[in-house]
Amino acid sequence: MTSLRQSVLSSPSVQIGGAVQRPLALDVAAMREFERASIEPFDLVCFSTGRYIRPMGRYRGVQLRVLLDAAGVRRPDNTDFKRTVFLAHAHDGYAVTFSWHELFNTPVGAQVIVAYECEDRALGIDDGLPVLVSGADTVRAPRHMKRLVRVDAHVLGAPHR
Ligand SMILES: Nc1nc2c(c(=O)[nH]1)N[C@H]1C(S)=C(S)[C@@H](COP(=O)(O)O)O[C@H]1N2
Ligand SMILES: [Mo]
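Rules of the game
Residues numbered from 1 in each chain as written. Chains lettered and ligands numbered in written order. Predicted model: local features only at pLDDT ≥ 70, side-chain atom pairs only at ≥ 80, totals over all residues. Heavy atoms only, no water. Near = heavy atom within 4 Å. Polar contact = N/O pair within 3.5 Å; in protein donor to acceptor, adjacent residues only side chain to side chain. Areas by Shrake-Rupley, 256 points an atom, 1.4 Å probe, with all protein chains shown as cover. Nonpolar A, V, L, I, M, F, W, Y, C, P; charged D, E, K, R; others polar. Helix = DSSP H or I, 4+ residues; strand = E, 2+ residues; numbered from the N terminus. Core = buried A, V, L, I, M, F, W, Y, C linked by side-chain atoms within 4.5 Å. Buried < 20%, exposed > 50% of the residue type's maximum accessible area, 1.4 Å probe, protein only. Contact = heavy atoms within 4.5 Å. Phe/Tyr/Trp six-rings, centres within 6.5 Å; stacked < 30°, edge-to-face > 60°.

Peer 1: Which residues make up the site of ligand 1, and what values go with them?
Peer 2: As a structural note, the neighbourhood of ligand 1 is formed by Cys-46, Arg-51, Ile-53, Arg-54, Ala-90, Asp-92, Tyr-94, Ala-141, His-144, Met-145 and Lys-146. Side-chain polar atom of Arg-54 to an oxygen atom of ligand 1: 2.4 Å apart, as the coordinates give it. For ligand 1, the protein covers 74% of the area, taking 530 Å² as the surface of the free molecule. Of the residues contributing to the shell around ligand 1, the split by class is 6 nonpolar, 1 polar and 4 charged.

Peer 1: Requested: an account of the side chain of Asp-152, with residues and values cited.
Peer 2: Counting through the fold element by element, Asp-152 comes out in strand β13 (residues 148–155). Of the polar contacts made by the side chain of Asp-152, one reaches the side chain of Arg-150; its length is 2.6 Å.

Peer 1: Let's hear about the nonpolar core: which residues, and what values?
Peer 2: In this structure, Ile-16, Tyr-59, Leu-64, Phe-86 and Leu-132 are the most contacted members of the largest nonpolar core, which totals 43 residues. The element contributing the most residues to this core is strand β9 (residues 112–118), with 6 residues. Contact partners of Ile-16, with chain neighbours within four places excluded, come to Pro-23, Leu-24, Leu-26, Leu-67, Leu-68, Ala-71 and Val-151.

Peer 1: Hey, could you go over the packing of aromatic side chains for me, with residue numbers and the actual values?
Peer 2: Summed over all chains, the structure comprises 3 aromatic pairs. Between Trp-100 and Phe-104, the ring centres sit 5.6 Å apart and the planes meet at 15°, which makes this aromatic pair stacked. Of this pair, Trp-100 and Phe-104 both sit in helix α4 (residues 100–105), 4 residues apart, which is roughly one turn of that helix. Classification of Phe-104 as partly exposed rests on a relative accessible area of 22%.

Read these as layout, nothing more, since geometry by itself doesn't imply function.
Right, here's the structure in full:
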């Protein structure tokens, strides 16, 4: 009983929704099915206060853009994907933004991962599982989001060619 309860509790799921072809709900096991990606260790620093928080080890997980592709962000027959932004929401209501260009059309995207391991150890809820982290940001704490719950695609602006 306890172990079943424990495994349910320790397997949070991330939803990919909004303007996508196939909304997804992925638990950690499902995320592990995708190609693995890692980012280099870094220092966690708060943007607002400049406070040094702590050193972070090597995170491993799946690129956010891989999950977005799996959900079908780039829909056939239109060019909406180019004016799409993504809002990522955490369990506590914290939210951060990414743009389609940033994730798919700049070097930043390769280092935006949904992490389920750090230093070859599985993360737990207390570590923030799953952690959405942007490994190329100048100051890392704002987009080091603990307990990601969903990412929604929003199409802004007007149609174009
Ligand atoms: N889920 C969640 N993640 C978050 C935040 C938050 O409020 N909620 N704040 C961010 C900011 S601005 C900072 S400075 C750090 C704070 O990290 P700490 O809570 O480990 O000290 O978490 C980042 N990740
Ligand atoms: Mo912060």
